Amino acid sequence: MDYDIESVNKNFNIEIFIKLQLQYNLCFKCRKVKLGYMYSIDIKQRCSFRARKILYIKASWVLIITVILLQLTSVYSFALEKVEQENETEVRNYEKAIAHGGGIYKGYETSNSVEAVNDAIINGYKMIELDMEISKDNKIIMLHDWDRTIEHYLGSKFDDKLREDSFLRLKIFGQLEVLTFDKLTKILDNAPDVRIVTDTKGDNLKLLNIIAESYPDYIDRMVPQIYSFEEYDEVKSLGFKNIILTLYLQENPKADEIIDFAKKNDLYAVTMQSYYAEKGLCKEISNNGIKVYVHPINDIEYADKLFDMGAAGIYTSTILPQELDGIERDYYLTIEGEDGKQKKLLDSYIDDFQKLQIHGLKEGESAKFFLGDRQIQLDKSAFNDIQETENIFTVKIYEKNQGFIGNIDYILSLDGENIRILHKKYEYRLETVKKPNDLKEVMDNLSISDEAKEILKNSFFAKCGEYWYYNNGQIYYYKINKEFLPVQKGTNDVLLLPLSDTFYALGADKITMTKGNDLVISYLGESSRIMIDSYSIRNGFKVIWIKNPVSLYLNKSMASGEVYKVITGRSYLQDNDYIIILPLKTTVNNSIKKELFKSMDILYGNTKK
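Residues numbered from 1 in each chain as written. Predicted model: local features only at pLDDT ≥ 70, side-chain atom pairs only at ≥ 80, totals over all residues. Heavy atoms only, no water.

Here's the deal with the pairing of strand β8 (residues 195-199)
Here β8 lies mainly inside the structure; five of its five residues are buried. Residues Arg195, Val197 and Asp199 point to one face of β8 and Ile196 and Thr198 to the other, with burial holding for every one of them. Here five bridges tie strand β4 (residues 127-134) to β8, and the two strands are oriented parallel to one another. Note on β8: the bridge partner recorded for Met127 is Arg195. Bridging between β8 and strand β9 (residues 222-226) involves three bridges; their strand directions are parallel. Residue pairing for β9: Val197 is matched across the bridge by Val223. (Buried < 20%, exposed > 50% of the residue type's maximum accessible area, 1.4 Å probe, protein only. Helix = DSSP H or I, 4+ residues; strand = E, 2+ residues; numbered from the N terminus. Pairing = 2+ DSSP bridges.)

See below:
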């Protein structure tokens, strides 16, 4: 096709130059430009020169070069912008596992504590999500919120926000160190490849402005979450490069709006709850080239399902990075679950090694088993080699031609006639196990009155911070699933015991929760109702007022001795860290009281590890 000069001038910017500009930009690095012809290059085949000829202009070379030079500035600017965007995209890393709320630490989830963050780094997490709030003196502290869950984590409620110095005096779950942004910077200085995903239930823009103004050197270490489209421009202007749009505050997120927004803006990712993913939102968004995270996910089988839906990663408290990317992604031990299906082995009791199976083992591959450094056979004889203390149980995977592929480690512990086998991430469960003293043995060596001994044999007693208790002379344990649950100390140093376990130990017939979140406790034929955080107990038309309400700790109802006294009629004693619920119709004088607490000191003080 021929063009005259007038046609070139009229159509250059619209048709011809656009095609030359694309060629120049796409071939900017290889610098291959042919001026005699104009080419249309397929964007996906960058610099390959697999192109087709579009047209040839019979015009003065001088005129064409002049027009090109006039446009060169915009072409060069366009090319640089494209290169910068490509480079920025290239350096973005997407981790499959983000530690939710700092990750789990010794059974405590989403604690946002110093211990949790340090442990997450040791376990290989490169991205850690933390809940952040602003203190009364405008400092950034790690806290889920100031109202809804603060008692759950800190054991108390506060009439107003705390100053940072007051916050620093608190303990999470009664024992973990609270985290501030100042402390966080020191942790990040020692872990240069770790990034933090921010989350807040408070003023997000104010919080991110404080980070930008007070900690400018750490902006690139932050991956802030935004909660609406409107927040994006301000957050981007503060210097944050990687921004996540989270959907949990949006009532009815629409995929087309999210996709359009993500394509127009430089989003790092979109994150959503699992029920939005189940509705197809994850698949639809990810199919448009947008990275999607789903939260919170703690089941490995369900995580695999989400990856099949297109998820780039998950926020998780318990799934380690190596379970998603390392050898454990393909190989792990399984054991039959209650539903008859094979489940990934995490913490189980076995009486026969033959019940174990290896997931992922393919034709031509084999496994060898080691207890410490010694190879063993998975049969009954292996039980003879197991020590009462912790044993390292290693599964080594081999391929016929390739040889050694890798190994996965577990922890074994002998428990009577059974063996407890744990994934290495649950090793702390064995570290925290203590062997309580036998009450009868202790009493035989105690110089206390017969009256005190008789009371001890028929009482219920426990200690703050410990997870076992004595009831009628026997030892029992407080647990949530397989995690030990220690006795807590609430407001005014009042000891709080797990409600259901304690009432059942004291003889309750049944404990249920109504749709209105009332606890209904049936005891000796009578029903009492307690509402969480309420100061009253209802028994029919009778209302009894209490000083310390039932509260939640790790989603478990916790109650003071006062609650047990009102419902069972049994008096109780509390002294410092000990609580004793006495037998029915029992009263004690000061002398007997001293003997009882002296016994507590010996029972718990000389406990064996």
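A closer look at the pattern of salt bridges
Applying the stated criterion across every chain yields a total of 26 salt bridges. A salt bridge links Asp347 to Arg429; the nearest nitrogen and oxygen atoms lie 2.7 Å apart. Taken as a pair, Asp347 in strand β16 (residues 347-350) and Arg429 in helix α14 (residues 428-431) lie far apart in primary sequence, 82 residues in all. A relative accessible area of 4% places Asp347 in the buried class. For Arg429, a relative accessible area of 8% corresponds to the buried category. The partner of Lys457 in a salt bridge is Glu454, and the shortest N-O contact between them spans 3.4 Å. With Lys457 and Glu454 both in helix α16 (residues 450-457) and three residues apart, this pair spans about one turn of that helix. For Glu454, a relative accessible area of 42% puts it in the partly exposed group. When salt bridges that share partners are traced, they join Glu323, Glu328, Lys344 and Lys425 into one network. (Salt bridge = Lys/Arg side-chain N within 4 Å of Asp/Glu carboxyl O.)

A word on the environment of Ile475
Examined against the element boundaries, Ile475 turns out to sit in strand β25 (residues 474-477). Assessed through its relative accessible area of 30%, Ile475 is described here as partly exposed. In this structure the C-alpha to C-alpha distance between Ile475 and Leu439, which are 36 residues apart in sequence, comes to 8.4 Å. If we skip the residues at most four places from it in the chain, Ile475 touches Pro436, Asn437, Trp468, Tyr469 and Tyr470. (Contact = heavy atoms within 4.5 Å.)

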